[in-house]
Amino acid sequence: SDPRGYGLLLSNDETALTLDITVNLPQETPAPMLLGTLTSIRAVVEKSVASSALNPKVIFSGPLALNEAYISVIRHDLKVFLHALVLSMGTVLTLVYGSLILTVIALVIAVFSVVSAFGLAGWLGHELAAINAFAPVIIASIALAGTVHIFNSYYQELADNIDRDKAIAMAVADNAFPLMLTSLTTAAGFLALSYSPSPPIRTIGFIVAAGVLLAWL
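Residues numbered from 1 in each chain as written. Predicted model: local features only at pLDDT ≥ 70, side-chain atom pairs only at ≥ 80, totals over all residues. Heavy atoms only, no water.

K.L.:
Any chance you could break down the nonpolar core for me, citing the residues and the numbers?
P.N.:
Judged by nonpolar contacts, the single largest core of 22 residues is most densely connected at Ile139, Ile207 and Val208. Put simply, the parts of the chain that give this core at least two residues each are α2 (63–97), α3 (100–123), α4 (135–159) and α6 (199–216). Counting residues per element, this core draws most heavily on α6, at 7 residues. Setting aside its immediate chain neighbours within four residues, Val208 contacts Ala135, Ile138, Ile139 and Phe190. Membership of the second largest hydrophobic core comes to 8 residues, among which are Leu34, Leu38, Leu64 and Ala65. (Core = buried A, V, L, I, M, F, W, Y, C linked by side-chain atoms within 4.5 Å. Buried < 20%, exposed > 50% of the residue type's maximum accessible area, 1.4 Å probe, protein only. Helix = DSSP H or I, 4+ residues; strand = E, 2+ residues; numbered from the N terminus. Contact = heavy atoms within 4.5 Å.)

K.L.:
Go over a nonpolar patch on the surface, please, and point to the residues and values.
P.N.:
Together, Leu19, Ile21, Val23 and Leu25 make up an exposed nonpolar region whose accessible area comes to about 330 Å². With relative accessibility at 44%, the residue Ile21 sits in the partly exposed group. (Patch = residues over 30% accessible without salt bridge, like charges linked within 9 Å, V, L, I, M, F, W, Y side chains within 5 Å. Areas by Shrake-Rupley, 256 points an atom, 1.4 Å probe, with all protein chains shown as cover. Salt bridge = Lys/Arg side-chain N within 4 Å of Asp/Glu carboxyl O.)

K.L.:
Break down the pattern of salt bridges for me, with residues and values.
P.N.:
Pairs can form between side chains of opposite charge whenever their charged atoms are close. Under the criterion given, the structure shown has 3 salt bridges. A salt bridge links Arg4 to Asp2; the nearest nitrogen and oxygen atoms lie 2.9 Å apart. For Asp2, a relative accessible area of 36% gives the class partly exposed. Residues Arg42 and Glu68 are paired through a salt bridge, measuring 2.8 Å at the closest nitrogen-oxygen approach. Pair noted here: Arg42 is in helix α1 (residues 31–50) and Glu68 is in helix α2, with a separation of 26 residues, a long-range link. For Arg42, a relative accessible area of 26% corresponds to the partly exposed category.

K.L.:
Summarise the side chain of Ser113; cite the residues concerned and give the values.
P.N.:
Within the element layout of this structure, Ser113 appears in helix α3. When residues no more than four places from it in sequence are discounted, the contact partners of Ser113 are Ile139, Ala143, Gly211, Leu214 and Ala215.

K.L.:
I'd like a description of α4, backed by residues and values.
P.N.:
Under the 1.5 Å per step criterion, the end-to-end length of α4 is 37 Å for 25 residues, consistent within 8% with the ideal 36 Å. On the buried face of α4, the contacting elements are α2, α3, α5 (164–191) and α6. The first or second residue beyond α4 is Asn161, which carries a positive phi of 60°. (Expected span 1.5 Å × (residues − 1).)

K.L.:
Describe the packing of aromatic side chains, with residues and values.
P.N.:
For the coordinates displayed, the defined rule picks out 3 aromatic pairs. Seen from their ring centres, Tyr97 and Phe151 are 5.5 Å apart, and the 80° between their planes marks the pair as edge-to-face. Remark: Phe151 occurs in helix α4 and Tyr97 occurs in helix α2; sequence separation between them is 54 residues. Plain terms: the ring middles of Tyr97 and Tyr155 are 5.4 Å apart, the flat faces sit at 20° to each other, and that makes the pair stacked. Of this pair, Tyr97 sits in helix α2 while Tyr155 sits in helix α4, placing them 58 residues apart in sequence. (Phe/Tyr/Trp six-rings, centres within 6.5 Å; stacked < 30°, edge-to-face > 60°.)

K.L.:
Report on unusual backbone geometry, specifying residues and quantitative values.
P.N.:
Located in the positive-phi region is Glu14, a residue other than glycine, with phi close to 60°. With respect to the secondary-structure elements, Glu14 resides in the segment before α1. Its relative accessible area of 52% is what places Glu14 among the exposed residues. For Asn161, which is not a glycine, the phi torsion comes out positive at approximately 60°. By secondary structure assignment, the location of Asn161 is in the loop between α4 and α5.

K.L.:
Give a detailed account of the layout of surface pockets, specifying residues and quantitative values.
P.N.:
One number sums up the size of the largest pocket: a volume of about 1,100 Å³. If you list the elements that add at least two residues to the lining of the largest pocket, you get α1 and α2. Tallying contributions element by element places α1 first for the lining of the largest pocket, with 5 residues. Class assignment of the residues belonging to the lining of the largest pocket gives a composition of 22 nonpolar, 7 polar and 3 charged. (1 Å grid on protein atoms, 1.4 Å probe; cavity = no way out; pocket = protein on both sides within 12 Å on 5 of 7 lines; lining within 4 Å. Points joined across faces, edges and corners; volume = space filled by probe spheres on them. Nonpolar A, V, L, I, M, F, W, Y, C, P; charged D, E, K, R; others polar.)

Just distances and angles here, no functional claims.
See below:
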């Protein structure tokens, strides 16, 4: 009956209604509790509207629903993209070089770099956010690219009928400076994110920089 509600809480054609639900959660709410809270709210709301003869369509918005979407998307991306990256790169490396050992070496370096970078970030007290979940994909891609350069040089030396052990030493020596230069400049670029006013952006810059340097080492 209050005309001030039209266009704010109720659409002018009276077909859509905004219902505001205030939820008080602890500041540091773990993801399972957050998802469980919204699941409970969904159950209550859907049970309440189910008894309505209008059978309305319910759409959730606001910070709680946004956080749920972030968590769901990140979980999906980690399950799909990271595994797809490792699987596709492993398959390509095996097919190109015909060596399972080299493929395992490359993947171990990539995984070690990712795990060590996150461990270092946690040890230094960095807080993780949803955006940090993309760091493993970046680190693994850069780490695999570096190993491929050494592999290529190694096979080029073998093609010149050079002894295997000497070919390994020459491949590492030939790529030592270029990889150092590439790693240092890449790390410096990501560390420049430290000037961002957003803490999650600063954290992902540190994690990727650390992962790149660890992969180089």
